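Descriptive structure summary
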Amino acid sequence: VGLVACGVVLGSFLLSAGAVWELAKLPPGERHAEVSLGTWLPLGEAAGVLHPLRIDWGFALDPISAVMILVVTGVGFLIHVYATGYMAHEDGFARFFTYMNLFVSMMLALVLGSNLLVMFVGWEGVGLCSYLLIGFWFAKDSAADAGKKAFITNRVGDFGFLLGTGLLVYALGTLDIGAIAAGVEAGALAKGTATAAALLLFLGATGKSAQIPLYTWLPDAMEGPTPVSALIHAAT
């Protein structure tokens, strides 16, 4: 189990390094690669829809996400290697590494999503894995309670993220991150709307990164195994 768990994260790191190398060879203004795996939600293909909206299951690599995928997979691999020794004598060894691998995959979906809805899938996946890992020793009441506290607190922030996403859809008619950025640069977003959307998205970030006021889950999260603290509180 440890070999497979570490191997897939190492493989992801090597693939990430190769992708970043290819991206770096492009001219600075063209360092953006995007791929769509198909249409996820074809909202608006029916006749009579005033504002059609098509959401693809897509991923994008740019200089920001290039740095992030190297951090996620590189640091994640080191934590996985450490955890094989730390968790060697624990029950649920395979379950632990299933959660750890899922956490890394959700982090990658978060930083590579080309639109806010794909990003939100990764966002929620990270929250789910945080709950599972913090409450890994669920037979202890303190660990189970800590996991639930982290899950509920993060949902408050995620609700803000959803509201901000909805506001951007209403104002710009798209969830694509590149199109949103272009709309903002073109002045298509009113200042008040932009401020409100930014604050709502930031509310989501405060939940994930345990900032005031959504910080109360973090001290209790130490109930999880030490590699979980390393992955959630350092890598994330």
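1. Here we look at the overall build of the protein
The number of helices and strands found in the protein is nine helices and two strands. Counting from the amino terminus, helix and strand elements in the protein follow one another as α-β-β-α-α-α-α-α-α-α-α. For the protein, the C-alpha radius of gyration of 19 Å lies close to 18 Å, the compact-globule estimate for 236 residues. Dimensions of the protein, computed from C-alpha atoms along their principal axes, come out at roughly 60 × 40 × 35 Å. By residue count, 39% of the 236 residues in the protein fall in the buried class. Partitioning the contacts of the protein with sequence separation of at least 6, the portion at a separation of at least 24 is 69%. Within the protein, the 16 negative side-chain charges are centred at a point lying 3 Å from the centre of the 10 positive side-chain charges.

2. Remarks on the pattern of salt bridges
Counted under the stated rule, the structure contains six salt bridges. With a closest N to O distance of 3.4 Å, Glu124 and Arg155 form a salt bridge. With Glu124 in helix α4 (residues 116-134) and Arg155 in helix α5 (residues 141-172), the pair connects residues that are 31 residues apart, well separated along the chain. The class of Glu124 is partly exposed, set by a relative accessible area of 25%. Asp158 serves as the salt-bridge partner of Lys208, at 3.5 Å between the closest nitrogen and oxygen.

3. Quick look at the nonpolar core
Considering soluble globular proteins, one finds that nonpolar side chains tend to be buried as a cluster. Judged by nonpolar contacts, the single largest core of 48 residues is most densely connected at Phe96, Phe103, Leu133 and Ile134. Listed by contribution, the elements that provide at least two residues to this core are α1 (2-24), β2 (53-61), α2 (63-86), α3 (93-112), α4, α5 and α9 (226-235). Aside from chain neighbours lying at most four places away, what touches Phe96 is Ala83, Met87, Leu133, Phe136, Pro225, Pro227 and Val228.

4. Let's talk about the side chain of His80
Residue position: His80 is located in helix α2. Beyond its immediate sequence surroundings of up to four residues, His80 is in contact with Ala5, Cys6, Val9, Phe97, Met100, Asn101 and Val104.

5. Notes on a nonpolar patch on the surface
Together, Ile64, Val67, Met68, Val71 and Val75 line one region of the surface with nonpolar side chains, adding up to about 400 Å² of accessible area. Following the sequence through the fold, Met68 ends up in helix α2.

6. Observations regarding the confidence of the model for the protein
When pLDDT is averaged along the protein, the result is 85, and 94% of the positions lie at 70 or above. At the level of individual helices and strands, the protein shows its lowest average pLDDT in α9, which scores 74, and its highest in α1, which scores 93.

7. Here's the deal with α2
For α2, with 24 residues, the first-to-last C-alpha span of 34 Å sits near the 34 Å given by 1.5 Å per residue. Three or more residues of α2 are buried, namely Ser65, Ala66, Ile69, Val72, Thr73, Gly74, Gly76, Ile79, His80 and Ala83.

8. Structural notes on the packing of α1 against α2
Look at α1 against α2: their axes get within 9 Å of each other, and the N-to-C directions meet at 160 degrees. The orientation of α1 with respect to α2, classified from their angle, is roughly antiparallel. Read as a crossing pair, α1 and α2 show a hand that is left-handed. In this structure, α1 uses Gly2, Ala5, Cys6, Val9, Leu10, Ser12, Phe13, Ser16, Ala17, Val20 and Leu23 to contact α2, whose residues at the interface are Pro63, Ala66, Ile69, Leu70, Thr73, Gly74, Gly76, Phe77, His80, Val81 and Thr84. The residue inventory of the contact of α1 with α2, partitioned by class, reads 14 nonpolar, eight polar and no charged.

9. Brief notes about the side chain of Thr73
Note that Thr73 resides in helix α2. Under the relative-accessibility criterion, Thr73 is labelled buried at 0%. For Thr73, the residues in contact, after removing those within four places along its chain, are Val9, Ser12, Phe13, Ser16 and Leu108.

Analysis parameters
Every chain is numbered on its own, with residues counted from 1 as its sequence reads. Local features in a predicted model are, by the rule used here, given only for residues with pLDDT of at least 70; side-chain atom pairs are given and counted only at 80 or more, and totals for whole chains, interfaces and linings are based on all residues. Side-chain metrics in this entry use all non-hydrogen atoms of the structure; hydrogen atoms and water are not considered. Elements are defined by DSSP. Helices are runs of H or I of four residues or more, strands are runs of E of two residues or more, and each kind is numbered from the N terminus. Atoms counted for the radius of gyration: C-alpha only. Globule rule: 2.2 Å times residue count to the power 0.38. For every residue, the accessible area (1.4 Å probe, protein chains only) is compared with the maximum for its type, and the residue is labelled buried under 20%, exposed over 50%, or partly exposed between those bounds. The contact criterion used is simple: two residues touch if any of their non-hydrogen atoms lie within 4.5 Å. As used throughout, the charge tally considers Lys and Arg to be positive and Asp and Glu to be negative, leaving His and the chain termini uncounted. A single reference atom marks each charge: NZ on Lys, CZ on Arg, CG on Asp, CD on Glu. Salt bridges, as used here, are contacts in which a Lys or Arg side-chain nitrogen is within 4 Å of a carboxyl oxygen on Asp or Glu. Here the nonpolar core consists of buried residues drawn from Ala, Val, Leu, Ile, Met, Phe, Trp, Tyr and Cys, with membership extended through side-chain atoms lying within 4.5 Å. Exposure above 30% relative accessible area and the absence of a salt bridge qualify a residue for a patch, where like charges join within 9 Å and nonpolar side chains (Val, Leu, Ile, Met, Phe, Trp, Tyr) within 5 Å. A 1.4 Å probe and the Shrake-Rupley method give the accessible areas. Residues count as covered only by the protein chains that appear here. The pLDDT value expresses, per residue, how confident the predictor is, ranging between 0 and 100. Take the number of residues in a helix, subtract one, and multiply by 1.5 Å to get its expected span. Every angle, taken between N-to-C directions, lies between 0 and 180 degrees, and every axis is a line fitted to C-alpha atoms, over only the stretch in contact when it is a helix. The labels follow the angle: roughly parallel below 35 degrees, roughly antiparallel above 145, roughly perpendicular from 65 to 115, and oblique for the rest. Each crossing gets its handedness from the near helix: less than a right angle anticlockwise from the far helix is left-handed, clockwise is right-handed. For this classification, Asp, Glu, Lys and Arg are treated as charged, while Ala, Val, Leu, Ile, Met, Phe, Trp, Tyr, Cys and Pro are nonpolar and the rest, including Gly, are polar.

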